[in-house]
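So you can see what is in the structure, the chains are spelled out below.
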Amino acid sequence: MKLKSLIVDDEELARENLKMLLEEYCPDIEVLGTAGSVKEAKAKINELSPQVVFLDIRMPSGAEGFELLESLPEKKFQVVFVTAFKDYAIKAFNANAIHYVMKPVDIEDLQQAVEKLKSYSTQFQVDPDNFSAYIKALENLTQNLSSDAPIKRITINHSKGFKIVDDDDIVHLEANGNCTSIHFNDGGRYLDTKTMKIYENILDDVKFFRIHKSHIINMNYLKEYLNEDGYFVIMKDGAQLPIARNRLSTFMERIKSL
């Protein structure tokens, strides 16, 4: 079954280009219509009840795409942000597991976003609580983008759905293929589909340090350092993790600053 969608962008050419790309390269998406303003988008959402909204972040007269989301008392759709923003904004998107594509739109990126939409739709059907977590992730994204403070709340995808966590609860992270195992202070562990590289970029680099290509630690949970038969840290959860030789000097500098 196709996912019914609405495209929201103030530029007519951008709307028509995205519509063309979706119709030609994304057969699982049905474009119900387009809108060029917050007011028009709100009316179209109420009229068409889309399952997906492709939303430009910055629209005319200084209006933000987030204003549209905040104006809706109840959201029953997924969002794919279409954005020219980079750097910090991308960190915020990745931290909250929210779909986005960069302008100019790349076909492969768009197709990957659609695959995520389909996967999320399945998870929402299996457990409605997953959709509630998704809406909270959207709210976290809004807060992250409106603040220069380090990102603290992170949305992770696991085998049963979604979980929003505070980074203070993360003890360490471990590479697991192209995924990441996240170890928590309550003894829990989740496998997330984000890579270690993404986590290295989104986590607060004052609090977290990558000691090895396969390990990132929360310095607040560091218990002990060992230099016998190699270089290791002992975490408060008992985990013994190796420190890569090429990261040792930087790690020691971090220890001195604690």
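Presented here is an overview of the structure given in this document. Starting afresh in each chain, residues are numbered from 1 along the sequence in its written order. In view of the model being predicted, local features appear only for residues whose pLDDT reaches at least 70, and side-chain atom pairs are presented and counted only at 80 or more, with totals across whole chains, interfaces and linings using the full set of residues. Side-chain numbers here rest on the full set of heavy atoms in the structure, without hydrogens or water.

Next up on the list: the pattern of salt bridges. The rule for a salt bridge is simple: a side-chain nitrogen of Lys or Arg has to be within 4 Å of a carboxyl oxygen of Asp or Glu. Across all of its chains, the model carries 15 salt bridges by this definition. Ionic pairing is found between Lys207 and Asp168, a salt bridge with its closest N-O pair at 2.6 Å. Of the two residues, Lys207 is situated in the loop between α7 (196-202) and β11 (208-212) and Asp168 in the loop between β7 (161-166) and β8 (170-176); the sequence distance between them amounts to 39 residues. A relative accessible area of 11% means that Lys207 is categorised as buried. Accessible area is worked out with a 1.4 Å probe on protein chains only. A residue is then buried under 20% of its type maximum, exposed over 50%, and partly exposed in between. By relative accessible area, which is 32% here, Asp168 ends up partly exposed. Taken together, the shared-partner salt bridges connect Lys152, Asp166, Asp167, Asp168 and Lys207 into one network. Think of it this way: any DSSP run of H or I at least four residues long counts as a helix, any run of E at least two long counts as a strand, and we number them from the N terminus.

Another point: the sheet that holds β11. Sheets are built from strands that pair by backbone hydrogen bonding, the pairs being arranged parallel or antiparallel. Within the open sheet, the five strands sit side by side as β10-β9-β8-β12-β11. Their pairing is antiparallel. Each having just a single partner strand, β10 (189-192) and β11 make up the two edges of the open sheet. The mean angle between the axes of side-by-side strands here comes to 20 degrees, regardless of whether they run parallel or antiparallel. Seen against the sheet, helix α8 (residues 248-257) touches β11 and β12 (215-218) and runs at an angle of roughly 150 degrees to β11. When DSSP locates at least two bridges between a pair of strands, those strands are taken to pair. To obtain each axis, a line is fitted to C-alpha atoms, and for helices this fit is confined to the stretch in contact; angles are then taken between N-to-C directions over 0 to 180 degrees. Throughout, a contact is declared for two residues whenever any of their heavy atoms are within 4.5 Å.

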